[in-house]
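Each chain is listed here by its residues.
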Amino acid sequence: MSESTEGRTVLNDAAHATITTLRTGITAIAAVLGIAILIVWYLMRLAVGRR
């Protein structure tokens, strides 16, 4: 019984670590995309303002 419980704990820990890593990666990608969109929007406004 104790072995199967330990195995499940290891799997849960691995799954939790994977989810945390994925969330961190997604957050980082979202932040980079958000910044890129802001920069593009700012450049577009500058271009429109120059006309």
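Conventions we followed
Residues numbered from 1 in each chain as written. Predicted model: local features only at pLDDT ≥ 70, side-chain atom pairs only at ≥ 80, totals over all residues. Heavy atoms only, no water. Helix = DSSP H or I, 4+ residues; strand = E, 2+ residues; numbered from the N terminus. Buried < 20%, exposed > 50% of the residue type's maximum accessible area, 1.4 Å probe, protein only. Areas by Shrake-Rupley, 256 points an atom, 1.4 Å probe, with all protein chains shown as cover. Patch = residues over 30% accessible without salt bridge, like charges linked within 9 Å, V, L, I, M, F, W, Y side chains within 5 Å. Salt bridge = Lys/Arg side-chain N within 4 Å of Asp/Glu carboxyl O.

Visitor: Account for the overall build of the chain, naming residues and giving values.
Guide: Across its full length, the chain holds 1 helix and 0 strands. Projected onto its principal axes, the C-alpha coordinates of the chain cover approximately 75 × 5 × 5 Å. For the chain, the residues scored as buried account for 0% of the 51 residues in total. Carbon and sulfur atoms make up 70% of the accessible area of the chain, which totals about 5,000 Å².

Visitor: Describe in detail the environment of Val 32, supporting the description with residues and values.
Guide: Position of Val 32 among the secondary structure elements: in helix 1 (residues 2–50). Looking at Val 32, the relative accessible area reads 56%, which means it is exposed. Taking the C-alpha atoms as reference, Val 32 lies 42 Å from Ser 4; in sequence the two are 28 residues apart.

Visitor: So, a nonpolar patch on the surface: which residues are in play, and what are the values?
Guide: A contiguous nonpolar patch, built from Ile 35, Leu 38, Ile 39, Trp 41, Tyr 42, Leu 43 and Leu 46 and spanning about 750 Å² of accessible area, is present on the exposed surface. Locating Leu 46 in the fold gives a position in helix 1.

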